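Each chain, written out:
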Amino acid sequence: MINVLWAGMFLIAAVAALIQTLRGDTEAFNLIIRAIFKSSQSAVEISLGLIGILSFWLGILKLVEESGIAGKISEKLTPLFRVIMKDIPENSPAISTVVLNMAANFLGLDNAATPTGLKAMEQLQEHNRQKDTASDAQILFMILNSSAITLIPITIFMYRAQMGASRPTDVFIPILLATSVSTMAGFISVALKQKIPLANKILLKWLFGFGIFIFLLAGGFYLIDSENRMVVSALLGNALLFMLICAVIVTAVYKRVKCYEAFVEGAKEGFGVAIRILPYLLAMLVAIGIFRASGILDMFTDGIRQLCIRFGGSGQFVDALPTALMKPLSGSGARAMMIETMQTYGADSFAAFCASVIQGSTETTFYVLTVYFGAINISKTRYALKYALWADFAGIVAAIAVSYLFYMP
């Protein structure tokens, strides 16, 4: 599917540019060529930019392994992973890395989520019999990652505050609800595909416990005065991250691990991982850049707006659709669309509110798929993209729905 999609972006962009040229727009092909150069440069910059943070977190993960923390986490969670990832053996180090990645996503800590996610994919690859084809466990992990629940969307709060929103954190509960729908849609669809027993007592216990945890934590956060929520969010996320690092180092010292040497050994992997993902990232970013430059997204949103008007529906959400359409393709592109919506309609407008909720409802699917599978040279992703896009669709629809419910002008 990804091969057809990738080639299709080029062909659709070519047809769109040709039509615009015939209509007298002499800049159409020029914009596409510019997009190719810009996207190629961005791919290199992203890969090089990842080297430092990848190296740091891979060093920390090495300490997690050497200190025995990984083994303890794996031991506690082995019963759950027997249910949801049946092809992963007991006490695999992949279990603890997957958990650390999910925790980073949960707290909105992107700088920690990507390195731990790449490491988890490498460890899951060790149990994969067909090295060029994604395993069931890798597909489930990728989809959970691309639709991961984010409790504290710090960056969205900050952008809303910078753009002058009177209540920057009002999107907190709507984002939590929308991203929960996205994650559950992705998990349930993959569970049905992989025949994971959803009625299993262990799985139900974890899902119920996690649901209660989110409810209590979200409720407590919501009780905080709206003016202080953003400060508390940033403080909580950053403090937890640094305390985690310190806890790992203290445990390693207690276990008499040679911390510096172990950290350096793990950090050495960062450069190799960043270089391996470059070709995959280049291919996808160029295709997305061309597709965006062709003007297809604008044509699509205009078409939806006309349909809404024709059938007498509310077309308010259409102004937020550029963010929704860009979100699976490009994180920076979706962020730019969200900011542009705030600038055009005002930070306190419904369009800006809805765009912010959409921005926090899902991850950047194509980026996650490209980077995670590219890092381990997997070319056959099977049904991963189809189910990830389904989770995106569910999250975006939920984001629009809860925006209508929660928006207060």
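Residues numbered from 1 in each chain as written. Predicted model: local features only at pLDDT ≥ 70, side-chain atom pairs only at ≥ 80, totals over all residues. Heavy atoms only, no water.

Engineer: Explain the overall build of the protein chain here, please?
Structural biologist: Each helix and strand counted, the protein chain has 18 helices and zero strands in total. Per-residue burial over the protein chain gives 51% buried out of 409 residues. Considering only contacts in the protein chain between residues 6 or more positions apart, those separated by 24 or more positions represent 78%. Of the roughly 19300 Å² that the protein chain leaves accessible, carbon and sulfur atoms contribute 66%. (Helix = DSSP H or I, 4+ residues; strand = E, 2+ residues; numbered from the N terminus. Buried < 20%, exposed > 50% of the residue type's maximum accessible area, 1.4 Å probe, protein only. Contact = heavy atoms within 4.5 Å. Areas by Shrake-Rupley, 256 points an atom, 1.4 Å probe, with all protein chains shown as cover.)

Engineer: Please clarify how the pattern of salt bridges should be interpreted in this entry.
Structural biologist: Side-chain pairing between opposite charges can occur once the charged atoms of the two side chains come close. Following the criterion strictly, the structure yields four salt bridges and no others. One salt bridge connects Lys380 with Asp132, and the closest N-O pair in it is separated by 3.5 Å. Of the two residues, Lys380 is situated in the loop between α17 (365-374) and α18 (384-406) and Asp132 in the loop between α5 (110-125) and α6 (136-146); the sequence distance between them amounts to 248 residues. A relative accessible area of 32% places Asp132 in the partly exposed class. A salt bridge links Lys268 to Glu265; the nearest nitrogen and oxygen atoms lie 3.8 Å apart. Under the relative-accessibility criterion, Lys268 is labelled exposed at 56%. Exposure remark for Glu265: the relative accessible area of 42% places this residue in the partly exposed category. (Salt bridge = Lys/Arg side-chain N within 4 Å of Asp/Glu carboxyl O.)

Engineer: What am I meant to see in a nonpolar patch on the surface here?
Structural biologist: Together, Met184, Ile188, Leu192, Leu204 and Leu207 make up an exposed nonpolar region whose accessible area comes to about 410 Å². Elements with a contribution of two residues or more to the nonpolar patch: α8 (172-194) and α9 (201-223). If you tally residues by element for the nonpolar patch, the top one is α8, at three residues. Positionally, Ile188 belongs in helix α8. (Patch = residues over 30% accessible without salt bridge, like charges linked within 9 Å, V, L, I, M, F, W, Y side chains within 5 Å.)

Engineer: Explanation requested: the nonpolar core in the structure shown.
Structural biologist: Where a protein is soluble and globular, its nonpolar side chains tend to be buried together. Judged by nonpolar contacts, the single largest core of 77 residues is most densely connected at Ile84, Met85, Leu140, Phe141, Met142 and Phe373. Judged by nonpolar contacts, the second largest core, of 27 residues, contains Ile156, Ile173, Ala320 and Val357. (Core = buried A, V, L, I, M, F, W, Y, C linked by side-chain atoms within 4.5 Å.)

Engineer: Looking at this model, I keep getting lost on the side chain of Asn101. Mind explaining?
Structural biologist: Checked against the element boundaries, Asn101 lands in helix α4 (residues 93-106). Beyond its immediate stretch of four places on either side in the chain, Asn101 contacts Ala113, Thr116, Gly117, Phe141, Asn145 and Tyr372.

Engineer: Would you mind going over the packing of aromatic side chains with me for this structure?
Structural biologist: Here a ring pair, both rings aromatic, is described through the centre-centre distance and the interplanar angle of the planes. Applying the stated rule across the entire model yields six aromatic pairs. Measuring from centroid to centroid gives 4.7 Å for Phe350 and Tyr404, while their planes differ by 40°, and the two rings are tilted. Note that Phe350 is positioned in helix α16 (residues 350-361) and Tyr404 in helix α18, a separation of 54 residues in sequence. In this structure Tyr404 comes out as partly exposed when scored by relative accessible area, which is 35%. (Phe/Tyr/Trp six-rings, centres within 6.5 Å; stacked < 30°, edge-to-face > 60°.)

Engineer: When you look at helix α3 (residues 69-84) in this model, what are you seeing that I'm missing?
Structural biologist: For an α-helix the count is 3.6 residues per turn, leaving residues at separations of three or four pointing the same way. For α3, built from 16 residues, the straight-helix expectation of 22 Å at 1.5 Å per residue is met to within 8% by its first-to-last C-alpha distance of 22 Å. Along α3, the sharpest change in direction is near 60° and occurs at Thr78; proline Pro79 comes one to four residues later. Residues of α3 that are buried: Ala70, Ser74, Leu77, Thr78, Leu80, Phe81, Val83 and Ile84. (Expected span 1.5 Å × (residues − 1). Bend = angle between axes of the 7 residues up to and from the residue.)

Engineer: Please clarify how the environment of Pro197 should be interpreted in this entry.
Structural biologist: Relative to the elements of secondary structure, Pro197 occurs in the loop between α8 and α9. Since its relative accessible area comes to 39%, Pro197 is described here as partly exposed. The spacing of Pro197 and Ile84 is 113 residues in sequence and 8.2 Å in space, taken between C-alpha atoms. Setting aside residues up to four positions removed in sequence, Pro197 forms contacts with Val83 and Leu203.

Engineer: Is there a simple way to explain unusual backbone geometry in this structure?
Structural biologist: In terms of backbone geometry, most residues other than glycine have negative phi values and most peptide bonds are trans. Even without being glycine, Lys195 reaches a positive phi, approximately 60°. One can find Lys195 in the loop between α8 and α9. The phi dihedral of Arg256 falls on the positive side, at around 60°, and the residue is not glycine. Note on placement: Arg256 falls in the loop between α10 (226-254) and α11 (259-267).

Engineer: Even after reading the chapter, I still don't get the environment of Ala347, so can you show me in this structure?
Structural biologist: Note that Ala347 resides in the loop between α15 (331-345) and α16. Taking relative accessible area as the criterion, Ala347 reaches 8% and is therefore assigned buried. Separated by 182 residues in the primary sequence, Ala347 and Ala165 place their C-alpha atoms 4.8 Å from one another. Dropping the residues within four chain positions of it, Ala347 is found in contact with Arg160, Met163, Gly164, Ala165, Met342 and Ala352.

Engineer: Got a minute to help me understand the side chain of Gln359 in this structure?
Structural biologist: Summarising the element assignment, Gln359 is placed in helix α16. We classify Gln359 as buried; its relative accessible area is 10%. Ignoring anything within four residues of it in the chain, the contact list for Gln359 reads Ile156, Thr323, Lys327, Gly331, Ala334, Arg335 and Met338.

Engineer: Quick question: what am I supposed to make of α17 here?
Structural biologist: Of all 10 residues making up α17, nine are buried, and the element is well covered by its neighbours. Within α17 the residues assigned to the buried category are Thr365, Phe366, Val368, Leu369, Thr370, Val371, Tyr372, Phe373 and Gly374.

Engineer: Would you take a moment to explain the confidence of the model for the protein chain for this structure?
Structural biologist: One rule of thumb: low pLDDT means the predicted coordinates there are not for detailed reading. On average, residues of the protein chain score 81 in pLDDT, and 90% of them reach the 70 mark or higher. By mean pLDDT, the top-scoring element of the protein chain is α11 (89), and the lowest-scoring one is helix α13 (residues 296-310) (71). (pLDDT = per-residue confidence, 0-100.)

Engineer: Hey, could you run me through the packing of α8 against α16 in this one?
Structural biologist: Packed helices, taken two at a time, are described by their axes: the angle between them and the distance between them. It is at 8 Å that the axes of α8 and α16 come closest, and there the two elements cross at 40°. Here α8 lies oblique to α16, going by the angle between them. You can see that α8 and α16 cross each other, and the crossing is right-handed. Residue-level contacts link Pro174, Ile175, Ala178, Thr179 and Ser182 of α8 to Phe353, Ser356, Val357, Gly360 and Ser361 of α16. Classifying every residue of the contact of α8 with α16 by side-chain character gives five nonpolar, five polar and no charged. (Axes fitted to C-alpha atoms, helices over the stretch in contact; angles between N-to-C directions. Parallel < 35°, antiparallel > 145°, perpendicular 65-115°, else oblique. Left-handed = near helix turned anticlockwise from the far one by under 90°. Nonpolar A, V, L, I, M, F, W, Y, C, P; charged D, E, K, R; others polar.)

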